[in-house]
Amino acid sequence: MTPARRTPPARGRRAPSATAEVREALMTVGCRLLSSDGPAALSARRLAAEVGTSTMAIYTHFGGVPDLVEAIVQLGLDQLAERLAAVRPTDDPVTDLARLARTYRDSALADPHLYAVMLGGVAQAHFGLKPRDLELDSLTLGAADVHVRRSIEAGRFRAGPHWDLTVRVWAMMHGWVMLEIAGYGIGASVDDYLLHVLVGAGDSLADATRSVRRSAGVGLTAGPG
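Structural notes, computed from the coordinates. (Residues numbered from 1 in each chain as written. Predicted model: local features only at pLDDT ≥ 70, side-chain atom pairs only at ≥ 80, totals over all residues. Heavy atoms only, no water.)

### With respect to a nonpolar patch on the surface
Inference 1: Taken together, the side chains of L179, Y184 and I186 define a hydrophobic patch exposed on the protein surface, amounting to about 300 Å² of accessible area.
Inference 2: In this structure I186 comes out as partly exposed when scored by relative accessible area, which is 33%. (Patch = residues over 30% accessible without salt bridge, like charges linked within 9 Å, V, L, I, M, F, W, Y side chains within 5 Å. Areas by Shrake-Rupley, 256 points an atom, 1.4 Å probe, with all protein chains shown as cover. Salt bridge = Lys/Arg side-chain N within 4 Å of Asp/Glu carboxyl O. Buried < 20%, exposed > 50% of the residue type's maximum accessible area, 1.4 Å probe, protein only.)

### What about the packing of helix α8 (residues 162-182) against helix α9 (residues 190-200)?
Inference 1: For the pair α8 and α9, interaxial distance at closest approach is 10 Å and the crossing angle is 160 degrees. Taken together, the axis directions place α8 and α9 in an arrangement best described as roughly antiparallel. Viewed along their axes, α8 and α9 form a crossing whose handedness is right-handed. Where α8 abuts α9, its residues V169, M172, M173 and W176 lie against V190, Y193, L194 and V197. (Axes fitted to C-alpha atoms, helices over the stretch in contact; angles between N-to-C directions. Helix = DSSP H or I, 4+ residues; strand = E, 2+ residues; numbered from the N terminus. Parallel < 35°, antiparallel > 145°, perpendicular 65-115°, else oblique. Left-handed = near helix turned anticlockwise from the far one by under 90°. Contact = heavy atoms within 4.5 Å.)

### What about the packing of helix α7 (residues 140-153) against α8?
What describes two packed helices is the angle between their axes and the distance between those same axes.
Inference 1: Packing of α7 against α8 leaves a shortest axis separation of 9 Å and a crossing angle of 120 degrees. With respect to each other, α7 and α8 are oriented oblique. Seen from above, α7 lies across α8 with right-handed handedness. On α8, the residues touching T140, L141, G142, A144, D145, V148, R149 and I152 of α7 are H162, W163, L165, T166, V167 and W170.
Inference 2: Of the residues that constitute the contact of α7 with α8, the class distribution is 8 nonpolar, 4 polar and 2 charged. (Nonpolar A, V, L, I, M, F, W, Y, C, P; charged D, E, K, R; others polar.)

### Some words on the nonpolar core
Inference 1: Residues L47, L97, Y104, F157 and W170 are the most contacted members of the largest nonpolar core, which totals 58 residues.
Inference 2: Those residues in contact with L47, other than ones at most four positions away along the chain, are L26, V29, G30, L33, L42, I58, V65 and L68. (Core = buried A, V, L, I, M, F, W, Y, C linked by side-chain atoms within 4.5 Å.)

### Here's the deal with helix α6 (residues 112-119)
Inference 1: The buried fraction of α6 amounts to 6 of the 8 residues, a majority that puts the element mostly inside the structure.
Inference 2: Within α6, the full set of buried residues consists of L114, Y115, A116, V117, M118 and L119.
Inference 3: Against the buried residues of α6 lie α1 (19-37), α4 (65-85), α5 (93-110), α7 and α8.

### Concerning helix α2 (residues 44-51)
Each turn of an α-helix holds 3.6 residues, which means side chains three or four residues apart point in the same direction.
Inference 1: Three or more residues of α2 are buried, namely A44, L47, A48 and V51. Angularly, the buried residues of α2 cover 95 degrees about the axis, an arc narrow enough to put them on a single face.
Inference 2: Those residues of α2 that are buried lie in contact with α1, α3 (55-61) and α4.
Inference 3: Residue G52 follows α2 closely and has a positive phi angle near 90 degrees. (Arc of directions from axis to C-beta.)

### What to know about the environment of G155
Inference 1: With respect to the helices and strands, G155 occurs in the loop between α7 and α8.
Inference 2: We classify G155 as exposed; its relative accessible area is 58%.
Inference 3: Expressed as a C-alpha distance, the spacing of G155 and D203, which sit 48 residues apart in the sequence, is 8.3 Å.

Put into structure tokens, the structure is as follows:
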């Protein structure tokens, strides 16, 4: 994930001097290390060395490595929220829910280390999510609930409390993504799994099959840019 346009200086180049440039470079390198090696790679010494600054700069700009990671995670959550919000409603709410699930999955697969910290419950080394970071009602669950509610109103999903159904549907999708990232051989395609989830929510097999097919090909093809 790259949060800024500028890139940190290569070794041998003059280190950034402006305050904003140093902070930006620390974020950029931190994003790269988190994405490639996970949170355990984010030591103050390594970050400072790759940026070409002192370890004190990390404490000056962020208060410490955990706060730097929190800033990166917040950026990742904001980007995920933008991607989910980009799934605009159509005349088929079940297709929209399937599109949302594909976008969520593609985001996770594009940057699995960041996803594991954001949404996988990883608390590694000196970093763990704070309670406010775990308030995701307006993010993944909130986005899914819009389409689940519309699917119930359209008679595609079984009647009942829409929030309860949203939690069950999204918990199954989240579990699928976590298993896929971990490398387990699940033995079914994402289309097959989406079909299982949608039929389990009350849709007919024929209608769910059409919606899954309509949702195919929608999602990310690369990591955050």
